[in-house]
Amino acid sequence: RFVSGREMPRCGALLRGLALVLLACTAAGKAAPRAARKTAARAQGEPQMRPLLTSLFIEKRFGSGEPLISQLEEGNMGEGELHPSPYSAVPPVTISTADGDVTLTPGSDCSILFATYSPEDEIEAMWSSASLASLFSELPARAHVVFAAADMQEAQGAVAVLKARAEAAEGYEEVKDRLHFQHFPVALDAANARNPLEAAAVGWGGEKPSVTLQWSGSDPVVFHASGSTGWAPIAFPEGVQKAEVVLWGGDACGSSPPPSNVAGKAVLIERGTCSFFQKAATAEAAGAVAVLVANAAGKVGTAPMACASPDGCEGAGLAVPVAMVSAALATKVSELAAQGVSPEVSFSTRRAPLVLVGADHAGVLREAGRLPSGTEAGHAWRFAALEARNYAYDQRLAARLADDSVLTVPLWDADSGAILGGGAGLSGGGVMPASADMRQMDTMEIALALECPGGKEGDACGAWDYVVQLHLCGIPSDAAPHAPEVQLGQRLAEGEVCDEEVARWVTAYGRPGRWVSDASAVLPMLQAGKAFRVRLSQPDWSAQRYKVTASLLLSRSSGVDGKLWKGFPRSSTPLFRGGSFDATYNSLADHQARVVDVPGDMTRAEIHATITGHGWGKDAADCAEFCESEHAFSARSAVVLDATTYLSGTSARKSHRLAGAGTESGCADQVDAGVTPNQYGTWRFGRAGWCPGGAVAPVVMDVTSALQPGLSALVTYQGLVNGSSYRPAACSGGECDASGFPAEIRMRSRLVIYAATPREELPFPSIRGKPISLLQVAQTQALAQEG
């Protein structure tokens, strides 16, 4: 494989011991010389690896061919420099195992996941044989996993236990050659790390609290703890060194009043019933100077304390430190209290490595987001495997962009410094290829990357799942069919509007995203050699910021999934939009039947529809975000004479169900399609036609067989739930949520016509399909059937 003309080393693992074994990501065999591999790759038509969509992997100017690798804190990664930043290039990694050293070279042929075990955390369930089995079943080909333990006593013993659990897990035999168990502990100082993955795990980790108990006549006893997810301190304020610990005697929720001796002391509170924030706020209001939340009996270690809706954790300004402590510590305090002894507690911090980091197929370091924890830790390793699957998706995207048969029209390149940041959005544009090139293309895609503009993902990326749209801009006038060319960043021309949606995405919770999305529906609206304008936007009230890289990709469909060429893109006529999803939805004026002219040389007709459901917490079914709505289209030939529509032939009915909405892992199941995994929010649940961190794929319905060239097309639409118009049932009690909103469908749909000869220039925008009433259709259908 090659990156900007430079050959990447093949990925393999060399095990040096009593025997010499080659663990290769691809079929075993003698490696060919570098020049021979390069020649063979080109002879087989293997695409060169170009920059994906953004500087997430390798930045370069268009046409320059010069890569710019992300910088480290102390320069580019080299021998002895182990202070990496995300997207740093990774040299070969040597892993010391009980059987000898294993050397892995990340690159286009394989990826690496580096997992660190920390026994004080509540992750025992994560490291169970059952959880590891989910990793083995989901791990993609050519992905390796390195298991290590944090610097602690008996680190080697912990790794041996992990290996035994792995060997007992279902699927181990199929992946064992790609599993490696590091013999030495992970140093908790990145400067002492043995390889860049280890250094990343430590350097990108965070501070976690430790609590020290001491009582009369005892030595200090240190316990590891877990802090909040950023909404409370993890240490006493300046000037406070320690505090006496007393038992609250309950969970500090509504039915658990404070004891009389809380003021000025640290309190130990039971876990459960209400949120961590409510416990801490109640204790602080009672005068406590620190809060220790005791993990439940039978739970191993501790867990991070997240903020739960509707608590306003981040803005509450809690001043007291809050930490979860183990059931063992709680037991010790209770035993001392029974003896009339009140221990004192002090706080300190320690460096805690990340559980997971990675190196992808482009050979660079990657963060791995947030894995499930607490009660969900039992299936966490499935989500670790999804991270590796995301690397494989990125590799496929890179190959798509490297395809020499694809024409690329840059919108915002890596050097443009384009930032999307709410408000008016981001204006851009370009010039379509010349007619000789463009007339061969019947497919258009949008390559988009939204990159965090600096820092770690969870801190630098937008926190919420907001809709992002790309619109085509123009002046709706026959006198000015094309928008004038305007410099990037300037205001739109007078009278110009941006209302024709090209593509739609949803941002990830706290992580970047990159996608290639079909946008063929608007290709007939773009003319060869002509300038065009676009606007990328998110909600006006959003303050989330992203570094943007985007391009149009033009291709001939014979090169996509083996499809035959459709013909010359002739027209794209708007059909139906969405609206409030209730009993009146199907009677909206915008949902009347449409009549569209069909040219005599039509070769193919398709309905393209981008459909997403939104709204929750206001009706019993949680529509339309979490309910499966159905969207039914029909097309049939028609003749319009003297304002009367006569139907002809048979109707093609096409229905699309927004399947997976409301399911437990509907979005997690779509990582292979580009959904960003392991986001910092509730990303994995199925939504209606969309996912956080995903592109909205348009539905393409072939209606060619129902339309006769030269006649008109009658197109109808209905939105349904369980075969009928949706009639929301009001929610009640705990089903309702004040932050929710009523159900709505957001839809753009078009009838796209392909023809046998190149199209003449068409005015922009296309004329909207002519509406007729459903009653008129019913009245004329009988005449049509009579001929």
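Structure shown above.
Only a predicted model underlies this, so the values are computations on that prediction, with no experimental measurement involved.

Definitions and limits used
- Residues numbered from 1 in each chain as written.
- Predicted model: local features only at pLDDT ≥ 70, side-chain atom pairs only at ≥ 80, totals over all residues.
- Heavy atoms only, no water.
- Disulfide = S-S within 2.5 Å.
- Helix = DSSP H or I, 4+ residues; strand = E, 2+ residues; numbered from the N terminus.
- Buried < 20%, exposed > 50% of the residue type's maximum accessible area, 1.4 Å probe, protein only.
- Phe/Tyr/Trp six-rings, centres within 6.5 Å; stacked < 30°, edge-to-face > 60°.
- Lys NZ or Arg CZ within 6 Å of the ring centre and 35° of its normal.
- Expected span 1.5 Å × (residues − 1).
- Pairing = 2+ DSSP bridges.
- Axes fitted to C-alpha atoms, helices over the stretch in contact; angles between N-to-C directions.
- Contact = heavy atoms within 4.5 Å.
- Salt bridge = Lys/Arg side-chain N within 4 Å of Asp/Glu carboxyl O.
- Core = buried A, V, L, I, M, F, W, Y, C linked by side-chain atoms within 4.5 Å.
- Arc of directions from axis to C-beta.
- Polar contact = N/O pair within 3.5 Å; in protein donor to acceptor, adjacent residues only side chain to side chain.

(A) Expanded view of the state of the cysteines. Counted by the stated rule, this structure contains 6 disulfides. Two residues, Cys 253 and Cys 274, share a disulfide whose sulfurs are 2.0 Å apart. Across the S-S bond of Cys 253 and Cys 274 the torsion is about -85°, and the bridge reads as left-handed. Of the two residues, Cys 253 is situated in the loop between strand 12 (243-247) and strand 13 (266-270) and Cys 274 in the loop between strand 13 and helix 6 (276-285); the sequence distance between them amounts to 21 residues. Each sulfur in the disulfide pair Cys 623 and Cys 627 lies 1.8 Å from the other. Judged by the torsion about the S-S bond (110°), the Cys 623/Cys 627 disulfide is right-handed. Of the residues examined, Cys 627 reaches a relative accessible area of 8% and is grouped as buried.

(B) Broad picture of the packing of aromatic side chains. Tallying each qualifying case throughout the model produces 15 aromatic pairs. Judged by centre distance (5.9 Å) and plane angle (75°), the rings of Trp 231 and Phe 277 are edge-to-face. Separated by 46 residues along the polypeptide, Trp 231 in the loop between strand 11 (221-224) and strand 12 and Phe 277 in helix 6 bring together distant segments of the chain. A relative accessible area of 3% means that Trp 231 is categorised as buried. The interplanar angle of 25° and the centroid separation of 5.6 Å between the aromatic rings of Phe 576 and Tyr 717 together place this pair among those described as stacked. With Phe 576 in strand 28 (residues 568-580) and Tyr 717 in strand 35 (residues 712-720), this residue pair connects regions lying 141 residues apart in the sequence. Here Phe 576 matches Tyr 717 in class, with each residue buried. Among the aromatic residues, those joined into a cluster by ring pairs are Phe 576, Phe 581, Tyr 585, Phe 633, Tyr 717 and Tyr 726. Over the ring of Phe 383 we find Arg 382, and its NZ or CZ is 5.6 Å from the ring centre.

(C) Layout of helix 7 (residues 327-338). With 12 residues, helix 7 extends 16 Å from end C-alpha to end C-alpha; this agrees with the ideal 16 Å at 1.5 Å per step. For helix 7, the full list of buried residues reads Ala 327, Leu 329, Ala 330, Val 333 and Leu 336.

(D) Region of the structure containing the sheet that holds strand 9 (residues 179-181). Overall, mixed pairing links the 5 strands, which are arranged 9-8-7-17-18 in an open sheet. Sheet topology places strand 9 and strand 18 (365-367) at the edges, where each strand pairs with a single neighbour. Across the sheet, the axes of successive neighbouring strands diverge by a mean angle of 25°, strand direction being ignored. In this sheet, strand 18 lies alongside strand 17 (residues 356-359) in antiparallel orientation, the contact comprising 3 bridges. Note that in strand 18 the partner of Gly 358 across the bridge is Arg 366. Of the strands in this sheet, strand 7 (111-117), strand 8 (143-149), strand 17 and strand 18 are in contact with helix 8 (residues 380-402), which crosses strand 7 at around 155°.

(E) Up close: the sheet that holds strand 26 (residues 531-537). Taken in spatial order, the 5 strands line up as 21-26-23-24-33 in an open sheet, and their pairing is antiparallel. The two strands at the open ends of the sheet, each matched to only one other strand, are strand 21 (426-431) and strand 33 (694-695).

(F) Representation of the environment of Leu 247. Following the sequence through the fold, Leu 247 ends up in strand 12. Separated by 45 residues in the primary sequence, Leu 247 and Leu 292 have C-alpha atoms spaced 9.6 Å apart.

(G) Quick peek at the pattern of salt bridges. A complete count under the given rule lists 29 salt bridges for this structure. In this structure, Arg 511 engages Glu 457 in a salt bridge whose closest nitrogen and oxygen atoms are separated by 2.6 Å. On the criterion of sequence distance, the pair formed by Arg 511 in the loop between strand 24 (497-506) and strand 25 (513-518) and Glu 457 in helix 10 (residues 457-460) is long-range, its members being 54 residues apart. In terms of burial, Arg 511 and Glu 457 fall into one category: buried. For Lys 566, the salt bridge identified is with Glu 606, shortest N-O distance 3.4 Å. Within this pair, whereas Lys 566 is found in the loop between strand 27 (546-555) and strand 28, its partner Glu 606 is found in strand 30 (residues 602-616), the two being separated by 40 residues in sequence.

(H) Inspection of the environment of Ala 352 at higher detail. By the secondary structure assignment, Ala 352 is in strand 16 (residues 344-352). The class of Ala 352 is buried, set by a relative accessible area of 6%. Separated by 150 residues in the primary sequence, Ala 352 and Val 202 place their C-alpha atoms 6.7 Å from one another.

(I) View of unusual backbone geometry. A cis amide bond, omega 0°, links Cys 623 with the succeeding residue Ala 624. With respect to the helices and strands, Ala 624 occurs in the loop between strand 30 and strand 31 (630-641). Non-glycine residue Tyr 87 carries a positive phi angle of around 70°. By secondary structure assignment, the location of Tyr 87 is in the loop between helix 1 (34-43) and strand 5 (93-97).

(J) Focus on the nonpolar core. In terms of nonpolar packing, the biggest core is built from 41 residues, with Leu 135, Phe 136, Phe 147 and Trp 381 touching the most fellow members. Listed by contribution, the elements that provide at least two residues to this core are strand 7, helix 2 (129-138), strand 8, helix 3 (155-168), helix 4 (172-175), strand 9 and helix 8. Sort the elements by how many residues they give to this core and helix 8 lands first, with 8 residues. Contact partners of Phe 147, with chain neighbours within four places excluded, come to Ala 115, Trp 127, Leu 132, Leu 135, Leu 179, His 180, Phe 181, Gln 182 and Trp 381.

(K) Examining the pairing of strand 32 (residues 644-657) more closely. Relative to strand 32, strand 31 runs antiparallel, the two sharing 11 bridges. Across the sheet, residue Phe 633 finds its bridge partner in strand 32, namely Lys 654. Remark: 2 residues form the turn of the hairpin made by strand 31 and strand 32, two consecutive strands paired antiparallel; Asp 642 in that turn has positive phi of roughly 50°.

(L) Spotlight on helix 6. Where helix 6 is concerned, the buried positions are Phe 276, Phe 277, Lys 279, Ala 280 and Ala 283. Down the axis of helix 6, the smallest arc covering the buried residues is 160°, so these residues share one side. Looking at the buried residues of helix 6, the elements they touch are strand 13, strand 14 (290-294) and strand 15 (322-325).

(M) Looking closely at the side chain of Ser 517. Tracing the chain through its elements places Ser 517 in strand 25. Assessed through its relative accessible area of 5%, Ser 517 is described here as buried. What Ser 517 contacts, discounting residues up to four positions off in sequence, is Met 444, Glu 445, Ile 446, Trp 505 and Ala 695.

(N) Expanded view of the side chain of Asn 295. Inspection of the secondary structure assignment puts Asn 295 in the loop between strand 14 and strand 15. When its relative accessible area of 4% is taken as the criterion, Asn 295 is described as buried. Within the structure, the side chain of Asn 295 is placed 2.6 Å from the side chain of Arg 271, a separation counted as a polar contact.

(O) Molecular detail of the pairing of strand 29 (residues 593-597). Within strand 29, 4 of the 5 residues are buried, leaving the element largely enclosed by the surrounding structure. Summarising the sheet, strand 29 and strand 35 pair through 4 bridges and their orientation is antiparallel. Residue pairing for strand 35: Asp 597 is matched across the bridge by Ser 712.

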